[in-house]
Amino acid sequence: MIYHIDRLKEKGIKGAIYDLDGTIADSMGVWQDIYRELFSYYRIPFDGDFLSKTNHIAMAERAELLAETYLPNQTKEEVLTIWREIVQRNYREKVRVKPHTLAAIEEQVSNGFRLSVATATDAVCCAYFLKEKGIAQYFRAIAALNEVKRSKAFPDIYLLAAKKMNLGAEACVVFEDSLAGITGAKRGGFCTVGVEDLHATAEKQKILSVCDFYLE
């Protein structure tokens, strides 16, 4: 079913929780460049599997894993500092807000919805993107994956984002581009909206079978 705000209002929805990369930010095609630049900075051979193997875990955990695997003389904090600089520059120079998502956000704000972000990306980078693109004022809170114990395949991060808005799961809708995220949100009792993204094409039919609504 195609997304429409009236359908959310009929369900008593008062808050919306947005994923960042691939949902608000049209950034999924940029992340491989970010990883390549990070590996290049440390002069280590690029591991093409690192992104696909780790994009479901928190960015801070990825920095720790990178340090443990490739950079024994670097701390997690040192790697994360460099990584943030690379991410923020790429967000600034290469990434836009998805127009169809922005339209949904603005409509929800005008209808009195509370908004938050639930992201596997570092909260500092998320806040930077929202401010850089002029939409930070729309969001009451950011919930980052490193604040909870489990991945987005579980509802923990969405429950945290809802809590930060003083709302329960039954009063919130989750916007996600990934099957794992939508599945995790559904496990928590959230209404879900699958968001169109070219980099999730292979999962689209499964996403459509799981989500309540779809935003194209």
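Quick caveat, the model's predicted, so the values are computed rather than measured. (Residues numbered from 1 in each chain as written. Predicted model: local features only at pLDDT ≥ 70, side-chain atom pairs only at ≥ 80, totals over all residues. Heavy atoms only, no water.)

Sheet topology note: the strand β2 (residues 114–119)/strand β3 (residues 141–144) ladder contains 4 bridges and is parallel. When the bridges of β3 are listed, Thr 119 appears paired with Ala 144. The handedness of the β2 to β3 crossover, carried by helix α7 (residues 123–132), is right-handed. (Pairing = 2+ DSSP bridges. Helix = DSSP H or I, 4+ residues; strand = E, 2+ residues; numbered from the N terminus. Right-handed = clockwise from strand over helix to strand, strands pointing away.)

Let us look at the sheet that holds strand β6 (residues 213–215). Strands belonging to one sheet form pairs held by backbone hydrogen bonds; the direction of such a pair is parallel or antiparallel. Across the sheet, which stays open at both edges, the 6 strands sit in the order β3-β2-β1-β4-β5-β6 with parallel pairing between neighbours. Two strands close off the open sheet at either side, each with one partner strand: β3 and β6. Adjacent strand axes in the sheet meet at a mean angle of 25°, parallel and antiparallel pairs treated alike. Taken together, the 4 bridges between strand β1 (residues 15–18) and β2 define a ladder with parallel strand orientation. Bridging from a neighbouring strand, Ile 17 pairs with Ser 116 of β2. Across the sheet, helix α8 (residues 156–164) lies against β1, β2, β3 and β4 (172–176), angled at about 160° from β3, the strand it touches most. (Axes fitted to C-alpha atoms, helices over the stretch in contact; angles between N-to-C directions. Contact = heavy atoms within 4.5 Å.)

Right, let's talk about the packing of helix α5 (residues 76–94) against α7 for a bit. Running from N to C, α5 and α7 cross one another at 20°; their axes reach a closest spacing of 10 Å. With respect to each other, α5 and α7 are oriented roughly parallel. Taken as a pair, α5 and α7 cross one another with a handedness that is right-handed. Along the contact surface, α5 presents Arg 84, Val 87, Gln 88, Tyr 91 and Arg 92, while α7 presents Val 124, Cys 125, Tyr 128, Phe 129 and Glu 132. (Parallel < 35°, antiparallel > 145°, perpendicular 65-115°, else oblique. Left-handed = near helix turned anticlockwise from the far one by under 90°.)

Note that Lys 186 resides in helix α9 (residues 179–187). Lys 186 sits 111 residues away from Thr 75 along the chain, and the two C-alpha atoms are 36 Å apart. Not counting residues within four places of it along the chain, the set of residues in contact with Lys 186 comprises Thr 192, Val 210 and Asp 212.

Attention now moves to unusual backbone geometry. At Arg 43, a position not held by glycine, the phi torsion is positive, near 55°. In this model, Asn 166 sits at a positive phi of 60°, which is unusual for a non-glycine residue. Topologically, Asn 166 is positioned in the loop between α8 and β4. By relative accessible area, Asn 166 is classed as exposed at 67%. (Buried < 20%, exposed > 50% of the residue type's maximum accessible area, 1.4 Å probe, protein only.)

Everything listed here is a matter of geometry and, on its own, says nothing about what the molecule does.
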